[in-house]
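# Summary of structural features
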Amino acid sequence: MMLARGRRAFLCLLVILFLFSAQPLEAALGAEGTIIHVVERGETLSVIAAHYGTTVETIVQANGIANPNLIYVGQRLTIPTQGSVAPEESYVVQPGDTLSAIAVRFGTTVSAIAQANDISNPSLIYPGQRLTIPSAVQQPSELPTQAQVHVVRPGEYLSQIARLYGTTVWALAVANDLSNPSLIYSGQRLIIPTQSATLPAPIKVVEFVPPRVTQGHTLLLKVRAEEEVSLAGSIDGRSLTFTGAGGEYWALAGFPPWSEPGAHPWSIVATDNEGRAVEASGYVVVTAAEFPIQYIDLPPEREGLLDPELVQAEWARVKALFVQVTPSKLWRGRFLLPVEGEVSSLFGTRRSYEGGPVASYHMGVDYAAPEGAPVVAANSGRIALAEELTVRGNTVIIDHGLGVHSGYFHLSRIAVAPGQEVGRGTLIGYVGSTGLATGAHLHWEMRIGEIGVDPTEWTARAIPE
Ligand SMILES: [Zn+2]
């Protein structure tokens, strides 16, 4: 049954592909670096622009068109291309071929081939299919740092949006990490990738590591400049703390588990020694993560600890520490696991207390460990807080510099004092169940500013690498 359905779906798609390839778009190579397109009945400038991956404005300019709505059948249009274009090659798909294998063979990318052939699903190619292999003008990244954003309107399709901006469904799907291009929703913010990133001098490179960030994770923003500059900037309206020198700089940004998947704006201002400032801006894509749901019953004597006013007041106290920025980096390399024990609750777990609504996210990782087990500093820094709090119990917070903090809650005993400098692995306390806890465990969290991020990412790799 499953098999039959799969085969039928595949056949339907083949029909669609053949229809596409029969589109009446004819082109000839003209002078070096241009294509001549002869207008067919029913074509509009935006359809033609979309076909060649260019914009209506570009074609209007190249042909001195006064009114973009007035083109006529048989009109010869010059389609400017970026740089010089080598004649395109074609390739007939062999049994067993994949698009990525073909891309490697011709030194190009899957998305470039998909774009050149109007392929919406790159895993569906078939033997005998003739593919145009675009001459590879390599882009440094599939996701340019300079991009526009489009807010999806009710009833809009991805193909319409692609046409509007002279790009392809596939390019939009890649840039926005859409697994199913037919599932977009009204109000969704989509990144419209642009052909070339133009950064104002002296900014040379703006790079994101990873290129797309997952909800609840940490983003490293690297900036390279031609000369010494001072940098300021923000992502999602939260300010960035840059560090570095000699033209190489970086900053960190945290994205909470409830970050909206899609495009999030960033901007940076670089100021040179003479006080001249330039601004660059763009969008970074947040992709969705799946967070488990946990239902928690508290022992009756601890239920009072959920009093919202109390929870809020304690958060205000802790947040005031998290938003403090010590201007130098105090940590080194990867973070250690602060305790030996099994993970009993993952970062980002959705929580319902006492049968109430699933209203909160778990902002740390819980490790089950016996009462009294040693807890160590995950990395070097300065003790920002070491005291008993109502909800968090006996709490240690370490300032690692540059707005990065780690927190260790529910301790039975605290072994450090505020202001003390600790090294990676220094004993800071012992596992307990003080505060809002259902048993002995360590709650460990990491914050970038006030934003909680998955701490296990910091144990898996050195940030920055
Ligand atoms: Zn916890």
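Scroll up to find the structure this text is about.
To keep things clear, this report deals only with the structure shown in the data block. (Residues numbered from 1 in each chain as written. Predicted model: local features only at pLDDT ≥ 70, side-chain atom pairs only at ≥ 80, totals over all residues. Heavy atoms only, no water.)

## Let's talk about a nonpolar patch on the surface
- Judged by side-chain polarity, Ile293, Tyr295 and Val358 come together as a nonpolar surface patch covering roughly 310 Å² of accessible area.
- Mapping Ile293 onto the fold places it in strand E17 (residues 293–296). (Patch = residues over 30% accessible without salt bridge, like charges linked within 9 Å, V, L, I, M, F, W, Y side chains within 5 Å. Areas by Shrake-Rupley, 256 points an atom, 1.4 Å probe, with all protein chains shown as cover. Salt bridge = Lys/Arg side-chain N within 4 Å of Asp/Glu carboxyl O. Helix = DSSP H or I, 4+ residues; strand = E, 2+ residues; numbered from the N terminus.)

## Focus on the coordination of the zinc ion
- Here the zinc ion is held by His362 (NE2), Asp366 (OD) and His443 (ND1), and the distances to it run 1.9 to 2.1 Å.
- Considered as a linear motif, the donors of the zinc ion on their single chain read H-x3-D-x76-H. Taken together, the residues His362 in the loop between strand E20 (360–361) and strand E21 (365–368) and His443 in strand E29 (residues 441–448) connect sequence positions 81 residues apart.
- According to the relative accessible area criterion, His443 is buried, its value standing at 7%. (Donors = N, O, S within 2.8 Å, 3.2 Å for Na, K, Ca; no water. Buried < 20%, exposed > 50% of the residue type's maximum accessible area, 1.4 Å probe, protein only.)

## Here we look at the pattern of salt bridges
- By the definition in use, this model includes ten salt bridges.
- Note that Glu450 is salt-bridged to Lys319, the shortest N-O span being 3.8 Å. Of this pair, Glu450 sits in the loop between E29 and strand E30 (451–453) while Lys319 sits in helix H8 (residues 308–322), and the two are 131 residues apart along the sequence.
- Accessibility expressed as a relative area gives 33% for Glu450, which makes it partly exposed.
- A relative accessible area of 30% places Lys319 in the partly exposed class.
- Close ionic contact of Glu421 with Arg382 constitutes a salt bridge, the shortest N to O distance being 3.4 Å. Here Glu421 is found in strand E27 (residues 421–422), whereas its partner Arg382 is found in strand E23 (residues 381–389), with 39 residues between them in sequence.
- Here the residues in one salt-bridge network are Asp272, Glu274 and Arg276, joined through shared partners.

## What about the pairing of strand E25 (residues 404–411)?
- Within E25, eight of the eight residues are buried, which leaves the element mostly enclosed by the surrounding structure.
- Where strand E24 (residues 393–399) and E25 come together, five bridges link them in antiparallel fashion. For Asn394, the partnering residue across the bridge sits in E25 and is Leu411.
- A loop of four residues connects E24 with E25, the two strands running antiparallel in sequence, and Gly401 in this loop sits at a positive phi of about 90°.
- Where E25 meets E29, six bridges bridge the pair, whose relative direction is antiparallel. Across the sheet, the residue bridging to Gly407 is Glu445, located in E29. (Pairing = 2+ DSSP bridges.)

## A look at the sheet that holds strand E19 (residues 350–353)
- Strand order in the open sheet made by the three strands is E17-E19-E20, with mixed pairing throughout. Every other strand in the sheet has two partners, leaving E17 and E20 as the edge strands with one partner each.
- The pairing of E19 with E20 spans two bridges and is antiparallel. By the bridge assignment for E20, Arg351 is matched with Ser360.

## A look at the sheet that holds strand E22 (residues 374–376)
- A sheet is described by the order of its strands in space; here three strands give the open sequence E22-E28-E26, paired in antiparallel fashion. Both edges of this open sheet fall to E22 and strand E26 (413–414), since each of them pairs with a single strand only.
- With two bridges joining them, E26 and strand E28 (residues 427–430) adopt antiparallel strand pairing. Bridge pairing links Arg413 to Tyr430 in E28.

## Quick word on the packing of aromatic side chains
- Per the counting criterion, the structure on display carries seven aromatic pairs.
- Ring plane angle 75° and centroid distance 6.3 Å describe the contact between Trp250 and Trp331, whose orientation is recorded as edge-to-face. Here the residue Trp250 occupies a position in strand E14 (residues 248–254), and Trp331 occupies one in the loop between H8 and strand E18 (342–345), the gap between them amounting to 81 residues. Exposure class is identical for Trp250 and Trp331. Each is buried.
- Sitting over the ring of Phe255, Arg238 keeps its end group 5.6 Å from the ring centre. (Phe/Tyr/Trp six-rings, centres within 6.5 Å; stacked < 30°, edge-to-face > 60°. Lys NZ or Arg CZ within 6 Å of the ring centre and 35° of its normal.)

## Topic: the pairing of E21
- Relative to E21, E18 is paired through three bridges, and the arrangement is antiparallel. Among the inter-strand pairings, Val343 is bridged to a residue of E21, identified as Tyr367.
- Inspection of the sheet shows E21 paired to E29 by four bridges, in the antiparallel sense. Along E29, the bridge assignment pairs Asp366 with His443.

## Some words on the nonpolar core
- Counting 36 residues, the largest nonpolar core has Leu252, Val396, Tyr408, Ile428 and Trp458 as the members making the most contacts within it.
- Of all the secondary-structure elements, those providing two or more residues to this core are E14, E21, E23, E24, E25, E29 and E30.
- The element best represented in this core is E29, accounting for four residues.
- Core analysis: the next-biggest nonpolar cluster, separate from the first, contains 23 residues, Val206, Tyr249, Ala280 and Val284 among them. (Core = buried A, V, L, I, M, F, W, Y, C linked by side-chain atoms within 4.5 Å.)

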